[in-house]
Amino acid sequence: MPSKPNYRTYVLYCGRLVRVNIHSTALAPDAPAPGWPELADVDLLRTLVETERRRRRLDAAMRAAVAEAERRGLAADTGYRDTVELLTDLLRISAYEARRRIEYAAPQARSRSRKKWRVLAAAS
């Protein structure tokens, strides 16, 4: 019989470790601002842990989606000049942010030997 997964973690609170359920629904990340001051400290800790977990999952999903759009050449197929233009229009982000996301999603390995070959070819 497989053991039950442990959904608890420990966080440092007031100099001691406090056991926190990272799947807590103590406060949704999109809770209205007026609720924050009344939130108990341990619930705020739970919210911090849960929000970070969700943010990481969303970041990973965005990286994968951008990489796949780039791999498929989706921009050209949908009438955009390139993926930067597609992302700026679709996501309403700056061109700088679009380029950053593309580079982060699918970093291109630059070969030194290829650069040397280009220099040699240009010198000939």
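It should be noted that the structure appears before, not after, this text.
Fair warning: this is a prediction, and the values are worked out from it, not measured in the lab.

This next bit is on the pattern of salt bridges. Evaluated as defined, the whole model comprises 12 salt bridges. Of the charged contacts in the structure, one is a salt bridge between Arg 53 and Glu 50, with a shortest N-O distance of 2.5 Å. Taken together, the residues span about one helical turn, with Arg 53 and Glu 50 both in helix H1 (residues 41–72) at a distance of three residues. Put simply, Asp 59 and Arg 55 hold a salt bridge, and the shortest N to O gap is 2.5 Å. With Asp 59 and Arg 55 both in helix H1 and four residues apart, this pair spans about one turn of that helix.

We classify Glu 50 as buried; its relative accessible area is 5%. Engagement of the side chain of Glu 50 in a polar contact is seen with the side chain of Arg 54, the distance being 2.9 Å.

In this model, H1 (32 residues) spans 47 Å end to end at C-alpha, consistent with the 46 Å of a helix rising 1.5 Å per residue. Burial in H1 covers these residues: Asp 43, Leu 45, Thr 47, Glu 50, Val 66 and Ala 69.

The next thing to look at is helix H3 (residues 83–91). Taken together, the buried positions of H3 are occupied by Thr 83, Val 84, Leu 86 and Leu 87. Axial view of H3: buried residues confined to an arc of 160°, hence all on one face. Those residues of H3 hidden inside the fold are in contact with H1, helix H2 (74–77) and helix H4 (95–105). Positive backbone phi, approximately 60°, marks Arg 92, located one or two places after H3.

Now for the environment of Ala 67. Here Ala 67 is to be found in helix H1. A C-alpha to C-alpha distance of 9.9 Å links Ala 67 and Thr 83, two positions 16 residues apart in sequence. Ignoring sequence-local partners within four residues, the contact set of Ala 67 consists of Ala 105 and Ala 106.

What follows concerns the packing of H1 against H4. Helix-helix packing: each pair is described by the crossing angle between the helix axes and the interaxial distance. Between H1 and H4, the shortest axis-to-axis distance is 8 Å and the interhelical angle comes to 90°. Classified by the angle between their axes, H1 and H4 sit roughly perpendicular to one another. Two secondary-structure elements touch here, H1 through Met 62, Arg 63, Val 66, Ala 67 and Glu 70 and H4 through Arg 101, Ile 102, Tyr 104 and Ala 105. Residues belonging to the contact of H1 with H4 are distributed by class as follows: six nonpolar, no polar and three charged.

In contact at an axis separation of 9 Å, H3 and H4 are set at 120° when each is read in the N-to-C sense. One finds that H3 runs oblique with respect to H4. Crossing angle aside, the handedness with which H3 passes H4 is right-handed. Contacts between H3 and H4 involve Thr 83, Val 84, Leu 87, Thr 88 and Leu 91 from the former and Ala 95, Ala 98, Arg 99, Arg 101 and Ile 102 from the latter. Along the lines of polarity and charge, the residues of the contact of H3 with H4 split into six nonpolar, two polar and two charged.

Cut-offs applied
Residues numbered from 1 in each chain as written. Predicted model: local features only at pLDDT ≥ 70, side-chain atom pairs only at ≥ 80, totals over all residues. Heavy atoms only, no water. Salt bridge = Lys/Arg side-chain N within 4 Å of Asp/Glu carboxyl O. Helix = DSSP H or I, 4+ residues; strand = E, 2+ residues; numbered from the N terminus. Buried < 20%, exposed > 50% of the residue type's maximum accessible area, 1.4 Å probe, protein only. Polar contact = N/O pair within 3.5 Å; in protein donor to acceptor, adjacent residues only side chain to side chain. Expected span 1.5 Å × (residues − 1). Arc of directions from axis to C-beta. Contact = heavy atoms within 4.5 Å. Axes fitted to C-alpha atoms, helices over the stretch in contact; angles between N-to-C directions. Parallel < 35°, antiparallel > 145°, perpendicular 65-115°, else oblique. Nonpolar A, V, L, I, M, F, W, Y, C, P; charged D, E, K, R; others polar. Left-handed = near helix turned anticlockwise from the far one by under 90°.

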